[in-house]
Amino acid sequence: MVAKPDLRSLTADEFAESFQDLGQPAYRRDQILDWLWKKRVRSIDEMSNLPAELRQTLKERYELTVPEVARAQGSKDTTRKLLLKLKDGRYVECVLIPASPALYGEQSDRLTLCVSSQVGCAFGCKFCASGLMGFTRNLTAGEITSQILLAEELAGTRVNNLVFMGMGEPLANLPNLLKAIELITSPQGLHIGARHLTISTSGVVPQIKKLADNPRQIRLAISLHGATDEVRSQIMPVNERWGVEALFEALRYWNSQKKQHLTLEYILIAGVNDDLEQARILAKRARGIRAKVNLIPYNTVEGLPWVRPSEDHCRAFRDILKNSGVQATLRLEKGHDIDAACGQLRLREENAKMGSTIEKG
Ligand code: SAH
Ligand code: SF4
């Protein structure tokens with residue numbers, strides 16, 4: 001049996017096209033979009049201003065599924081992790097991060113959500129919990145956007161900043177990512193400004209160029225984690241395919257298409273990529289593309305041997321960047337930064353599951 005299209009995975013244009021042969025007036029289509037994205041119903045039956053017959057037709061044609069919140073950790077005003085169970089029993093997570101007063105001032109109402117783009121990840125970075133699990137499947141556009149709906153429901157307020165830094169490599173799921181971006185930014189969808197959307201990638205060069213050609217002013221963050229091929233290839237297999245030079249060439253192309261500054265993410269792992277010579281090379285590279293640098297002391301992952309450098313060493317690394325005129329941030333508090341949580345909650349759940357017979361994944 002062919003799977004029915006998921007209503008929340010269709011862009012407004014795709015829905016309009018698929019809706020056309022039903023012979024319904026256009027305002028019905030707008031009513032349905034309103035139920036999906038503004039009133040956020042969980043079932044077609046809840047679309048109470050549609051004739052019963054139309055609801056029946058919709059049910060025959062389409063599916064409307066919402067992931068289940070399997071677990072929510074943390075409390076208001078702190079980082080909150082949501083573990084979501086998808087309809088095939090797989091798990092993904094997303095993380096709600098309220099503005100840190102230290103970074104944005106007491107009054108900031110910024111609420112960031114870190115979303116996943118895949119179940120697992122095929123890229124196998126040596127330090128990463130998601131890489132450790134291997135790849136299971138891509139998320140649909142509806143599964144990506146559902147994370148926002150569920151997080152907003154939990155928070156009781158709108159998410160106004162979105163980062164694709166959860167599980168998965170978003171650029172390896174480009175068709176669904178592009179649909180999700182459309183649904184997220186569209187006024188008929190979630191209506192979050194493209195500037196408040198950051199895609200993070202380990203450096204899938206051809207896809208960076210494709211995304212650069214998308215007219216929306218979305219932001220891009222690169223998981224660099226090594227300033228030379230020698231260091232980067234040791235921890236990121238993707239670098240064997242597209243080396244640092246090819247990556248920076250793509251980033252220069254990105255800059256030619258977009259207004260917002262790029263961000264380079266750099267995890268500091270003791271004895272692996274934290275040599276101060278790396279900082280000097282990184283500074284030069286960042287300056288060349290006018291990028292900001294985000295330094296993230298490594299968060300320990302169960303089952304992996306890596307550790308973070310001392311605070312003094314992290315500061316010394318940052319100061320080299322700052323002293324060469326690069327905007328660099330270093331967040332030392334543990335478990336507070338957005339990068340801390342991603343990948344790790346699901347790993348625990350999967351581990352727990354392996355020791356039980358409650359459900360099959
Ligand atoms: N696949 C994409 C997006 C998801 S990873 C990418 O790699 O960019 C989001 C960020 O978390 C990446 O910068 C990744 O390198 C970082 N990360 C992964 N494991 C980490 C860990 N244990 N401690 C700190 N950051 C980590
Ligand atoms: Fe995948 Fe990103 Fe983790 Fe690398 S860092 S394994 S690309 S999720």
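Conventions we followed
Residues numbered from 1 in each chain as written. Chains lettered and ligands numbered in written order. Predicted model: local features only at pLDDT ≥ 70, side-chain atom pairs only at ≥ 80, totals over all residues. Heavy atoms only, no water. Pairing = 2+ DSSP bridges. Helix = DSSP H or I, 4+ residues; strand = E, 2+ residues; numbered from the N terminus. Axes fitted to C-alpha atoms, helices over the stretch in contact; angles between N-to-C directions. Contact = heavy atoms within 4.5 Å. Expected span 1.5 Å × (residues − 1). Buried < 20%, exposed > 50% of the residue type's maximum accessible area, 1.4 Å probe, protein only. Core = buried A, V, L, I, M, F, W, Y, C linked by side-chain atoms within 4.5 Å. Domains from an automatic or database assignment. pLDDT = per-residue confidence, 0-100. Near = heavy atom within 4 Å. Polar contact = N/O pair within 3.5 Å; in protein donor to acceptor, adjacent residues only side chain to side chain. Areas by Shrake-Rupley, 256 points an atom, 1.4 Å probe, with all protein chains shown as cover. Nonpolar A, V, L, I, M, F, W, Y, C, P; charged D, E, K, R; others polar. Phe/Tyr/Trp six-rings, centres within 6.5 Å; stacked < 30°, edge-to-face > 60°. Lys NZ or Arg CZ within 6 Å of the ring centre and 35° of its normal.

Caption draft 1: Broad picture of the sheet that holds strand β8 (residues 197–201). Spatial strand order, β1-β2-β3-β4-β7-β8-β9-β10-β11-β12: 10 strands in an open sheet with mixed pairing. With one partner strand each, in any of the chains shown, β1 (68–73) and β12 (328–330) form the two edges of the open sheet. Strand-to-strand twist across the sheet, computed as the mean angle between neighbouring axes with direction ignored, equals 20 degrees. Strands β10 (263–268) and β11 (292–297) of the sheet are contacted by helix α12 (residues 276–288), whose axis makes an angle of about 170 degrees with β10.

Caption draft 2: Structural context of helix α7 (residues 174–185). Taking 1.5 Å of rise per residue, the 12 residues of α7 would be expected to cover 16 Å, and the 16 Å separating its terminal C-alpha atoms lies within 8% of that figure. Those residues of α7 lying buried are L174, L177, A180, I181, L183, I184 and T185. Those residues of α7 hidden inside the fold are in contact with α2 (26–37), α6 (141–155), β7 (161–164), β8 and α8 (205–212).

Caption draft 3: Focus on the nonpolar core. By size, the foremost hydrophobic cluster in this structure holds 103 residues, and its most contacted members are M47, I199, L251, L264 and V293. No other element matches α6, which puts 7 residues into this core. Counting contributing residues per domain, this core is built from domain 1 (7–61) and domain 2 (68–354), each supplying no fewer than three. Counting residues in hydrophobic clusters, the runner-up holds 6 residues, among them C114, V163, M165 and A221.

Caption draft 4: Examining the confidence of the model for the chain more closely. Per-residue confidence for the chain averages 90 on the pLDDT scale, and 89% of its residues sit at or above 70. Here residues 336–340 scores under 50 on pLDDT; set against residues more than four positions off or in separate chains, the count is 16 contacts.

Caption draft 5: Up close: the site of ligand 1. Near ligand 1, the surroundings consist of 20 residues, among which G168, S200, S223, H225 and N299 are the closest. Note that a nitrogen atom of ligand 1 is positioned 2.9 Å from one of the backbone N or O atoms of G168. The fraction of the free accessible surface of ligand 1 (530 Å²) that becomes covered by protein chains is 96%. Contributing elements (two or more residues each) for the shell around ligand 1: β8 and β10. Looking at the shell around ligand 1 residue by residue, the class counts come to 8 nonpolar, 9 polar and 3 charged.

Caption draft 6: Region of interest: the packing of aromatic side chains. The final tally for this structure, using the stated rule, is 3 aromatic pairs. Between F15 and F19 the ring centres are 5.2 Å apart and the planes differ by 35 degrees, which places this aromatic pair in the tilted class. Taken together, the positions of F15 and F19, both in helix α1 (residues 12–19) and 4 residues apart, correspond to about one turn of that helix. You'll find F15 and F19 in the same group, each marked buried. Through a chain of ring-to-ring contacts, the aromatic side chains of F15, F19 and Y62 assemble into a single cluster. Of note, K39 hangs over the ring of W35, and the distance from its end group to the ring centre comes to 4.4 Å. A cation over a ring is seen here: K258 above W254, with NZ or CZ 5.1 Å from the ring centre.

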